[in-house]
Amino acid sequence: GDSVTQMEGPVTLSEEAFLTINCTYTATGYPSLFWYVQYPGEGLQLLLKATKADDKGSNKGFEATYRKETTSFHLEKGSVQVSDSAVYFCALSDRGGGSQGNLIFGKGTKLSVKP
Amino acid sequence: DVKVTQSSRYLVKRTGEKVFLECVQDMDHENMFWYRQDPGLGLRLIYFSYDVKMKEKGDIPEGYSVSREKKERFSLILESASTNQTSMYLCASLGLAGGKLREQYFGPGTRLTVT
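Per chain, residues are indexed from 1 in the order of the written sequence. Going through the entries in the order they are written, you letter the chains from A and number the ligands from 1. Note on the predicted model: pLDDT of at least 70 is required for a residue's local features to be given, and 80 or more for side-chain atom pairs to be given and counted; whole-chain, interface and lining totals, by contrast, use all residues. Note that water and hydrogens are dropped before the side-chain values are worked out from all heavy atoms of the structure.

Draft legend 1. Just the overall build of chain B, in detail. Tallying secondary structure elements over chain B gives zero helices and 13 strands in all. Start at the N end of chain B and walk to the C end: the helices and strands fall as β-β-β-β-β-β-β-β-β-β-β-β-β. Computed over the C-alpha atoms, the radius of gyration of chain B is 14 Å, within 12% of the 13 Å expected from 2.2 N^0.38 for a compact globule of 115 residues. Projected onto its principal axes, the C-alpha coordinates of chain B cover approximately 45 × 25 × 25 Å. Residue contacts are counted whenever heavy atoms from the two residues lie within 4.5 Å of one another. Excluding contacts between residues fewer than 6 apart, the proportion of contacts in chain B whose partners are at least 24 apart in sequence is 55%. Counting rule for charge: Lys and Arg are taken as positive, Asp and Glu as negative, and neither His nor the chain ends is counted. One atom stands in for each charge, and that atom is NZ of Lys, CZ of Arg, CG of Asp or CD of Glu. On chain B, the mean spot of the 17 positive side-chain charges and the mean spot of the 15 negative ones are 4 Å from each other. A run of H or I in DSSP counts as a helix once it spans at least four residues, and a run of E counts as a strand once it spans at least two, with each numbered from the N terminus. Our radius of gyration is a C-alpha quantity, and the globule rule it is checked against amounts to 2.2 Å times the number of residues to the power 0.38.

If you want it as structure tokens, here you go:
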């Protein structure tokens, strides 16, 4: 079945460092891909999404590109801030075209940014 | 803004008790979901509902049941709580817009401890 694998954390970075969180997926068909963020004590929020190959999702300085050839959707940010400390989840939906139905989540990567 | 609320942020119950977790959304969404979140396992789907009185099993329905009597409310029921049901429970809702499903909106979560 469909699955998502993301790098295990925790990841600890200094402020202004470059961030990459790796995410790869296995799916039949053409899934949509998502990154969710969970700040301490809160629920999940959609951070960005991409609905087809070569799409780039971006939000709040974060970016991820849908790479069909490598089945990847790595999350990047050029300069992290303390306020980016959170748990990040990669997810896929087997409904294409930007719609969501049931989501399959990776296990989450905890990011801690030190001042 | 979409609001998804959950009845409790923290709950402590005893083994064998019947437990009700309530979720309410205020955007007239058709689809609602219950997940549990555990360290190292990510989010796993317990049940979902795509309409009033309709329900579908997710990946880990054993030991749980659900109720959707009104569109805005989706309840998760632990018939006889056990210690292995100690977890964070997240509710989400998803609405139709322009014929496409949109993003899932999450509640803040209920941290349930079963002693």
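Draft legend 2. Quick peek at the side chain of Thr109 of chain A. Residues and elements named next belong to chain A. Inspection of the secondary structure assignment puts Thr109 in strand β12 (residues 109-114). Exposure categories follow from relative accessible area, calculated using a 1.4 Å probe and restricted to protein chains: below 20% of the type maximum is buried, above 50% is exposed, and the middle band is partly exposed. A relative accessible area of 0% means that Thr109 is categorised as buried. Pairs of N or O atoms within 3.5 Å make up the polar contacts considered here, provided that, within protein, one atom can donate a hydrogen while the other can accept it, and that residues adjacent in sequence are counted only when both atoms are side-chain atoms. A distance of 2.9 Å separates a polar atom in the side chain of Thr109 from a polar atom in the side chain of Gln6. Leave out the neighbours within four places in its chain, and Thr109 touches Gln6, Met7, Gly9, Val11, Ile21, Ala86, Val87 and Tyr88.

Draft legend 3. Quick peek at the sheet that holds strand β3 (residues 19-25) of chain B. All names here are of chain B. Read across the open sheet, the four strands follow the order β1-β3-β8-β7; overall the sheet is antiparallel. Here the strands that pair on one side only, and so sit at the sheet edges, are β1 (4-6) and β7 (64-70). With strand direction ignored, the average angle separating the axes of adjacent strands in the sheet is 20 degrees. Only strands joined by at least two bridges in the DSSP assignment are considered to pair. Interaxial angle, 0 to 180 degrees, is taken between N-to-C directions of lines fitted to C-alpha atoms, where a helix line uses only the stretch in contact.

Draft legend 4. Structural context of the interface of chain A and chain B. Contact with chain A, which involves 19 residues of that partner, is made by 20 residues of chain B. Each partner contributes to the roughly 1,500 Å² buried at the junction of chain A and chain B, and carbon and sulfur atoms together form 52% of this total. Think of a salt bridge as a Lys or Arg side-chain nitrogen and an Asp or Glu carboxyl oxygen that are within 4 Å of each other. Along the contact surface separating chain A from chain B lie zero salt bridges. In this assembly, chain A and chain B are joined by two residue pairs in polar contact (both at pLDDT 80 or more). When two components associate, each loses some accessible surface as probed by a 1.4 Å sphere; the sum of these losses over both components is called the buried area.

Draft legend 5. Spotlight on the pairing of strand β5 (residues 42-49) of chain B. All names here are of chain B. Of all eight residues that make up β5, seven are buried, and the element is covered over most of its length. As defined by bridge partners, strand β4 (residues 31-38) adjoins β5 across seven bridges and the pair is classed as antiparallel. Paired with Arg36 across the strands is Arg44, a residue of β5. Looking at chain direction, β5 and strand β6 (residues 56-57) are connected through two bridges and run antiparallel. Note on β6: the bridge partner recorded for Tyr47 is Lys57. Connecting the antiparallel pair β5 and β6 is a turn made up of six residues, with Lys53 showing a positive phi of about 65 degrees.

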